[in-house]
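# Remarks on the overall topology
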Amino acid sequence: EAGVAQSPRYKIIEKRQSVAFWCNPISGHATLYWYQQILGQGPKLLIQFQNNGVVDDSQLPKDRFSAERLKGVDSTLKIQPAKLEDSAVYLCASSFNEGNRAFFGQGTRLTVV
Amino acid sequence: SQQGEEDPQALSIQEGENATMNCSYKTSINNLQWYRQNSGRGLVHLILIRSNEREKHSGRLRVTLDTSKKSSSLLITASRAADTASYFCATARVGNEKLTFGTGTRLTIIP
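Here goes a summary of the coordinates provided. Since this is a predicted model, take the numbers as computed values, not measurements.

Along its length, chain B carries 0 helices and 11 strands. When the elements of chain B are put in sequence order from the N terminus, they spell out β-β-β-β-β-β-β-β-β-β-β. The globule rule puts the C-alpha radius of gyration for 111 residues at 13 Å, and the 13 Å found for chain B is close to it. Along the first, second and third principal axes, the C-alpha atoms of chain B reach 45 × 30 × 20 Å. Counting every position in chain B, which comprises 111 residues, the buried fraction comes to 48%. Across chain B, contacts joining residues at least 24 apart in sequence account for 55% of those joining residues at least 6 apart. Just so you have it, chain B exposes about 5,100 Å², and 44% of that area is on carbon and sulfur atoms.

Put into structure tokens, the structure is as follows:
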């Protein structure tokens with residue numbers, strides 16, 4: 001079974017630029033998560049989708065971050081404009097349904113300079 | 001905000017010894033899950049325990065759950081160098097099934 005695919009693996013941008021990350025979940029998985037993981041910390045949930053609806057985005061900085069999941073499959077996470085403190089690994093995960101075990105992609109390491 | 005907190009933050013043991021790490025959480029849950037993360041990689045699911053279960057085993061892993069104390073423990077028996085990683089607990093809450101991770105325990109196995 002193919003896993004969760006994320007791209008790009010690495011991205012370096014200057015502050016105030018914009019960046020987008022892409023995630024392709026495991027086929028048939030209804031739930032999709034985006035997490036931000038700062039070095040040395042646990043993953044912080046940014047947004048959780050159930051099919052193409054948002055379950056929770058309470059910790060998404062909505063003035064600069066946006067996410068969408070068109071047709072309930074692929075998802076993109078965008079940051080505009082980026083700040084230095086956005087430097088982190090952005091992890092996408094999917095699960096068959098809410099509360100089930102989650103499968104993670106390899107993540108995108110973002111460095112903002 | 002983090003739902004769970006792992007304890008200890010870091011743990012170093014000799015190969016062959018047992019490793020125990022603990023997780024405390026704040027709200028009512030449907031299940032609690034443990035994940036492993038090797039340096040620079042994504043997280044891998046280890047085990048899921050439901051709120052009506054008290055103990056679960058998977059190979060060298062043993063997980064306990066005490067919902068009255070809102071805590072869980074992960075025991076790795078007969079540790080190996082390959083077990084060196086960070087371990088996180090995650091909770092699926094009652095109501096919205098949000099999957100929230102704790103702060104993690106960094107485990108180092110000394111050969």
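Turning to the side chain of Ser72(B), a few remarks are in order. Residue and element names in this part refer to chain B. Relative to the helices and strands, Ser72 resides in strand E8 (residues 71–76). Separated by 2.7 Å, the side chain of Ser72 and the backbone oxygen of Thr64 make a polar contact. For Ser72, the contacting residues outside a window of four places in its chain are Met21, Asn22, Cys23, Leu32, Trp34, Val63, Thr64 and Leu65.

As a further point, take the sheet that holds strand E1 (residues 5–7) of chain A. All names here are of chain A. Spatially, 4 strands are ordered E1-E3-E8-E7 in an open sheet, and the strand pairing comes out antiparallel. The strands lining the two open edges of the sheet, one partner per strand, are E1 and strand E7 (65–68). The sheet shows a mean angle of 15° between the axes of neighbouring strands, taken without regard to direction.

Residue and element names in this part refer to chain B. One open sheet holds the 5 strands; their spatial order is E1-E3-E8-E7-E6, and the pairing between them is antiparallel. Strand pairing shows two members of the sheet lacking a second neighbour, strand E1 (4–7) and strand E6 (55–58), which therefore form its edges. If you compare each strand with its neighbour and ignore which way they point, the axes differ by 15° on average. With 4 bridges connecting them, E6 and strand E7 (residues 61–66) associate as antiparallel partners.

Before going further, it helps to spend a moment on the nonpolar core. Formed by 22 residues in total, the largest nonpolar core has its most connected members in Met21(B), Leu32(B), Trp34(B), Leu74(B), Ile76(B), Tyr87(B) and Leu107(B). Setting aside residues up to four positions removed in sequence, Met21(B) forms contacts with Asp7(B), Pro8(B), Trp34(B), Ser72(B), Ser73(B), Leu74(B), Ile76(B), Tyr87(B), Thr105(B) and Leu107(B). Counting residues in hydrophobic clusters, the runner-up holds 21 residues, among them Ile26(A), Phe65(A), Ala88(A) and Cys92(A).

Next up on the list: the state of the cysteines. Inspection of the entire model under this criterion finds 2 disulfides over all chains. Note that Cys23(A) is cross-linked by a disulfide to Cys92(A), the S-S spacing being 1.9 Å. Residues Cys23(A) and Cys92(A) share a disulfide whose torsion about the S-S bond is about -70°; that sign makes it left-handed. Highlighted residues: Cys23(A) in strand E3 (residues 19–24) and Cys92(A) in strand E9 (residues 88–95), separated in sequence by 69 residues. Classification of Cys92(A) as buried rests on a relative accessible area of 0%. Through a disulfide, Cys23(B) is tied to Cys89(B); the S-S separation comes to 2.0 Å.

Bringing the packing of aromatic side chains into the picture now. Evaluation of the coordinates by the stated rule reveals 8 aromatic pairs over all chains. A ring pair is formed by Tyr35(B) and Phe101(B), whose centres lie 5.2 Å apart and whose planes are at 55°; its orientation type is tilted. Taken together, the residues Tyr35(B) in strand E4 (residues 29–37) and Phe101(B) in strand E10 (residues 99–101) connect sequence positions 66 residues apart. An aromatic cluster of three or more residues is present, and its members are Tyr33(A), Tyr35(A), Phe104(A), Tyr35(B) and Phe101(B).

Rules used throughout
- Residues numbered from 1 in each chain as written.
- Chains lettered and ligands numbered in written order.
- Predicted model: local features only at pLDDT ≥ 70, side-chain atom pairs only at ≥ 80, totals over all residues.
- Heavy atoms only, no water.
- Helix = DSSP H or I, 4+ residues; strand = E, 2+ residues; numbered from the N terminus.
- Rg over C-alpha atoms; globule rule 2.2 N^0.38 Å.
- Buried < 20%, exposed > 50% of the residue type's maximum accessible area, 1.4 Å probe, protein only.
- Contact = heavy atoms within 4.5 Å.
- Areas by Shrake-Rupley, 256 points an atom, 1.4 Å probe, with all protein chains shown as cover.
- Polar contact = N/O pair within 3.5 Å; in protein donor to acceptor, adjacent residues only side chain to side chain.
- Pairing = 2+ DSSP bridges.
- Axes fitted to C-alpha atoms, helices over the stretch in contact; angles between N-to-C directions.
- Core = buried A, V, L, I, M, F, W, Y, C linked by side-chain atoms within 4.5 Å.
- Disulfide = S-S within 2.5 Å.
- Phe/Tyr/Trp six-rings, centres within 6.5 Å; stacked < 30°, edge-to-face > 60°.

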